[in-house]
There are 2 protein chains.
Amino acid sequence: MSRIVIKLDEHTFVSPDRIDQITKRIINEKNKGVDVVVVVPYIHLIDEKLRQYAYTLSEKPTQREIDSIRSTNTQIASSLLSIALNKNGFQAISLTGWQAGISTVTPNRNVLIDHIESEKVNNYLKTGVIPIIAGGQGVDQENNITLLGEGGPETTAVGVAVAIGAERVDIYTNAVGVFTADPKIVKTAKKIKQISYDEMLELSLLGSKIIHPRAVELAKKFNMPLNVCSSIEDVAGTLIKGELEMERNLIVRGVAYETDIIRLTVGYESYGHASLASLFTTLAENHINVDIIVQAVIDGVKPTVSFSIEKEVFAEAISVLETNKKQLGFGFADFEVGLAKVSIVGSGMASNPGVAARMFDRLKNENIQVKMVSTSEIKVSVVVPQDDMVRAANALHDEFNLVEELV
Amino acid sequence: MSRIVIKLDEHTFVSPDRIDQITKRIINEKNKGVDVVVVVPYIHLIDEKLRQYAYTLSEKPTQREIDSIRSTNTQIASSLLSIALNKNGFQAISLTGWQAGISTVTPNRNVLIDHIESEKVNNYLKTGVIPIIAGGQGVDQENNITLLGEGGPETTAVGVAVAIGAERVDIYTNAVGVFTADPKIVKTAKKIKQISYDEMLELSLLGSKIIHPRAVELAKKFNMPLNVCSSIEDVAGTLIKGELEMERNLIVRGVAYETDIIRLTVGYESYGHASLASLFTTLAENHINVDIIVQAVIDGVKPTVSFSIEKEVFAEAISVLETNKKQLGFGFADFEVGLAKVSIVGSGMASNPGVAARMFDRLKNENIQVKMVSTSEIKVSVVVPQDDMVRAANALHDEFNLVEELV
């Protein structure tokens, strides 16, 4: 019997009515004659209160205890869903990370899935039971409860799907799929029918919150199709997979954006002082994620290097630069706030030269100033004034014909 | 290094301040040079809300899922305490039932501890860590999370103490120890310094809520001393153990009571119809606990059997009798409400004939009508009108000299 994994979204658990609705969706799938495994997300609603309580006891609670506390929300949610399915006459059983045989490792600060013993889930499936797995959690070698962190529940869903040989993962979200742009700012945005892992990865990394890049990466590695669809309406969503039938027609598949970008600029007295390696190593060691990097080397002008960071790490970044100023050898530091990043993504780009030029041309015609640029095989990102962001996104959406039903 | 197990009470977790207080108590014990293991109770405050939510989803949620949901409260509480201890510079680590190696079996409806793999707790103790165990939970052979039910956390504390060879279990409560009677109704009640397992068992079974009889039974089996003391004040409590130094001086150690007792009476047409076995088997099969049983066999009078039950099961008991009237062969059923049970307990009783007679005499002098009587080796219970209960308890407390500092 073919198998699917359904990853739920947090909105499923806001009320008993919503749980009832999802129960019917799951039963529908089951009645199609497939084996179903359900993965439950983090429930941040309860989570936050417990976190606050923990922090009244200590300013620095250990990660181990915070993980143990936070794992309970998803555990409770899985049991509630299991109860709702039982009531409808279906055998369902909640499984925590360790009960589902999910082992994790923590090579650095990030908790990763090491392996999944699929035997238990397989055994439940064989006897017609619907396993409801608490997503985003597992146990390490010492049987400590661990949380997979951001994107954890999706990653559990993909990992379990691979382990049990499922044919796809349905990612239920509060959107109805992946769009050519955020419909909130680009009114003509369209739902994308199919998209490649790489394109989805870029969109995720560029701010699309629908699915965490980590889960897309895992799916890509094992070629596991992901179906992003609405948790409310039972309509076709967006299929993320390896090979797309209509890919070659399309140069650009989507427009993404990210707000509250800050540009930091560091200037050196001379080339001899400038060591990009030590600058970015120092920032990385202090866990400051740097996105776009631009180095200006102009004759007769002192060398500078600019890089973009997110607003959240601004204070920390400034402090790190101050502390290490002497050692890093730079003469001055400056910053610019009120910026945003707008990107175009599409795997057809690599074989279509001139896409970036067309992008800059359109932005120039729209009188939008480009502050920084970054390109990859399948995307071009520009940093623009945040006030122009919506206009830029709409213009690019129009420029690359995403308004038509091609996607 | 000698070891103790501390079982906390629920009041510890009502506020961060209380958690801080308990943290200091635990550190005090640790600083005396003993290894400390802490066992955390059920936290009913949070529990109830989740139960209600579960019951909105289904009228009959499975025990498995309810247990999984309810286990999380104690898990969270252990992590919180662990965080508070860490903050004070002590290594502490929370352990769920399965992490602490507690395996359970469910031979009938009751979940029991099967065995405890003490290796993990031992390893933590050897490295100076304070294990904080979530009480009243474990896992069965299929790795399902199970709750031990009523008295579970105390039972975990005793079980773990036995497994790791602790010298005693400190039971923290909101009382300062075990009293000769409930101080709320007998003003002259005194704290008991030492009491035997059997006496404590009788007191527990007779309504003293301080410690569940199940935990006392387990402690008796392995001769594990229990020290019942206040969770607020650090003063001497009551020591429960096997051999008492001053036992032979004391006939009666305490007076216990239970309110809201109902007497049911079933009458038969003739001796041929009366089968006590089938009557009480039927009641037991329907999970109705019967306490005192009195059979009246008087020549020339139709045979009757009376038994006492708690108010909570009254409706169910009547329904069971109605349904099985024909099969059980009785002619009529009657009941009397508004009764209470008053008991005297003391292991000196067995070797002191006439204790029951002295009890009846005193009650007669007080004009208190005795409706039913039950005796064992170490206790005598009488059922009296509930309106006379407080008077009866005080009279007996006085009669057996419990007002003096003998206990």
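Note that the structure is a prediction, hence the values are computed from the model and not measured. (Residues numbered from 1 in each chain as written. Chains lettered and ligands numbered in written order. Predicted model: local features only at pLDDT ≥ 70, side-chain atom pairs only at ≥ 80, totals over all residues. Heavy atoms only, no water.)

Colleague: Summarise the overall build of chain A; cite the residues concerned and give the values.
Modeller: In terms of helices and strands, chain A carries 12 helices and 18 strands. Dimensions along the principal axes, computed over C-alpha positions, put chain A at roughly 75 × 55 × 35 Å. Burial status across chain A gives 55% buried among its 407 residues. Taking contacts inside chain A between residues at least 6 apart in sequence as the whole, the part at least 24 apart equals 76%. (Helix = DSSP H or I, 4+ residues; strand = E, 2+ residues; numbered from the N terminus. Buried < 20%, exposed > 50% of the residue type's maximum accessible area, 1.4 Å probe, protein only. Contact = heavy atoms within 4.5 Å.)

Colleague: Tell me about helix H7 (residues 213-222) of chain B, and please be specific about residues and values.
Modeller: Residues and elements named next belong to chain B. For H7, the complete set of buried residues consists of Pro213, Arg214, Ala215, Val216 and Ala219. Residues of H7 that are buried make contact with strand E5 (112-116), helix H5 (152-164), helix H6 (197-205) and strand E11 (226-230). Where H7 terminates, the next one or two residues include Asn223, which has phi positive at roughly 55°.

Colleague: I'd love a proper account of the sheet that holds E11(B), names of residues and values included.
Modeller: Residues and elements named next belong to chain B. Across the sheet, 8 strands lie side by side as E3-E6-E2-E1-E9-E11-E12-E10; this open sheet has mixed pairing. Each edge of the open sheet is held by one strand with a lone partner, namely strand E3 (92-95) and strand E10 (194-196). The sheet shows a mean angle of 20° between the axes of neighbouring strands, direction not considered. Summarising the sheet, E3 and strand E6 (residues 130-134) pair through 4 bridges and their orientation is parallel. Its bridge partner being in E6, Ser94 is matched across the sheet by Ile132. Its contacts with the sheet place helix H3 (residues 63-87) against strand E2 (35-40), E3 and E6, and it is angled at close to 160° to E6. On top of the sheet, H6 reaches E10 and strand E12 (238-241); it is set at about 85° to E10, its chief contact. (Pairing = 2+ DSSP bridges. Axes fitted to C-alpha atoms, helices over the stretch in contact; angles between N-to-C directions.)

Colleague: So what's going on with the pairing of strand E5 (residues 112-116) of chain A? Residues and values would help.
Modeller: Along a regular strand, successive side chains alternate from one face of the sheet to the other. Where strand E4 (residues 102-105) of chain A lies against E5(A), 4 bridges are found, and the strand directions are antiparallel. When the sheet's bridge partners are listed, Thr104(A) is paired in E5(A) with Ile113(A).

Colleague: How would you summarise the domain arrangement of chain A if you had to cite specific residues and measurements?
Modeller: When the parts come together, some accessible area is lost, and that loss is often what is quoted as the size of the interface. Domain boundaries assigned for chain A yield domain 1 (3-173) and domain 2 (255-399). The straight-line distance from the C-alpha centre of domain 1 of chain A to that of domain 2 of chain A is 37 Å. (Domains from an automatic or database assignment.)

Colleague: Please set out the pattern of salt bridges residue by residue, giving values where relevant.
Modeller: It is possible for side chains bearing opposite charge to pair when their charged atoms get close. All names here are of chain B. In this structure the tally under the stated criterion is 44 salt bridges over all chains. Here Asp35 and Arg3 are joined by a salt bridge, their closest N and O atoms 3.8 Å apart. Of this pair, Asp35 sits in strand E2 while Arg3 sits in strand E1 (residues 3-7); the two residues are 32 residues apart in sequence, bridging distant segments of the chain. Its relative accessible area of 14% is what places Arg3 among the buried residues. Arg391 serves as the salt-bridge partner of Glu366, at 3.8 Å between the closest nitrogen and oxygen. (Salt bridge = Lys/Arg side-chain N within 4 Å of Asp/Glu carboxyl O.)

Colleague: Requested: an account of the relation of the copies chain B and chain A, with residues and values cited.
Modeller: For the pair chain B and chain A, the best superposition has an RMSD of 0.1 Å and corresponds to a rotation of 180° with a translation of 0.1 Å parallel to the axis. On the angle and the small slide along the axis, the relation comes out as a two-fold axis. Within chain B, Thr72(B) has its C-alpha nearest the rotation axis, a separation of 2.8 Å. Both copies present the same face, since 100% of the interface residues in chain B are matched by interface residues at the equivalent positions in chain A. (Least-squares fit on C-alpha atoms with pLDDT ≥ 70 in both.)

Colleague: Outline unusual backbone geometry, listing residues and values.
Modeller: All names here are of chain A. Even without a glycine there, the phi angle at Asn223 is positive, about 55°. One can find Asn223 in the loop between helix H7 (213-221) and strand E11 (226-230). With phi around 60°, His287 is a residue other than glycine that occupies positive phi space. The residue His287 is located in the loop between helix H8 (276-285) and strand E14 (293-296) in this model.

Colleague: Describe the interface of chain B and chain A, and please don't skip the residues or the numbers.
Modeller: Residue-level contacts link 43 residues of chain B with 43 residues of chain A. With both chains or domains summed, chain B and chain A bury close to 3,400 Å², and 61% of this area falls on carbon and sulfur atoms. The three residues of chain B that bury the most area against chain A are Leu57(B), Ile83(B) and Trp98(B), which together make up 20% of that side's buried surface. Along the contact surface separating chain B from chain A lie 0 salt bridges. At the junction of chain B and chain A, the tally comes to 18 residue pairs in polar contact (both at pLDDT 80 or more). In terms of residue count, the dominant contributor to the side of chain B that touches chain A is H3(B) (16 residues). Looking at the side of chain B that touches chain A, its residues break down into 22 nonpolar, 16 polar and 5 charged. (Buried area = accessible area lost by both parts, 1.4 Å probe. Polar contact = N/O pair within 3.5 Å; in protein donor to acceptor, adjacent residues only side chain to side chain. Nonpolar A, V, L, I, M, F, W, Y, C, P; charged D, E, K, R; others polar.)

Colleague: Before we move on, could you go through the pairing of E11(A) and cite the residues and values that matter?
Modeller: All names here are of chain A. Of all 5 residues that make up E11, 5 are buried, and the element is covered over most of its length. Across 5 bridges, the pairing between strand E9 (residues 168-173) and E11 is parallel. Bridge pairing links Val169 to Leu226 in E11. Alignment of E11 against strand E12 (residues 238-241), held across 3 bridges, turns out to be antiparallel. Residue pairing across strands places Asn227 opposite Leu239, the latter belonging to E12.

Colleague: Got a sec to walk through helix H5 (residues 152-164) of chain A? Specific residues and values, please.
Modeller: All names here are of chain A. With 13 residues, H5 ought to run about 18 Å at 1.5 Å a step, and its terminal C-alpha atoms sit 18 Å apart, in line with that. What H5 keeps buried is the set Gly152, Pro153, Glu154, Thr155, Thr156, Ala157, Val158, Gly159, Val160, Ala161 and Ile164. Phi turns positive, to about 70°, at Gly165, one or two residues after H5. (Expected span 1.5 Å × (residues − 1).)

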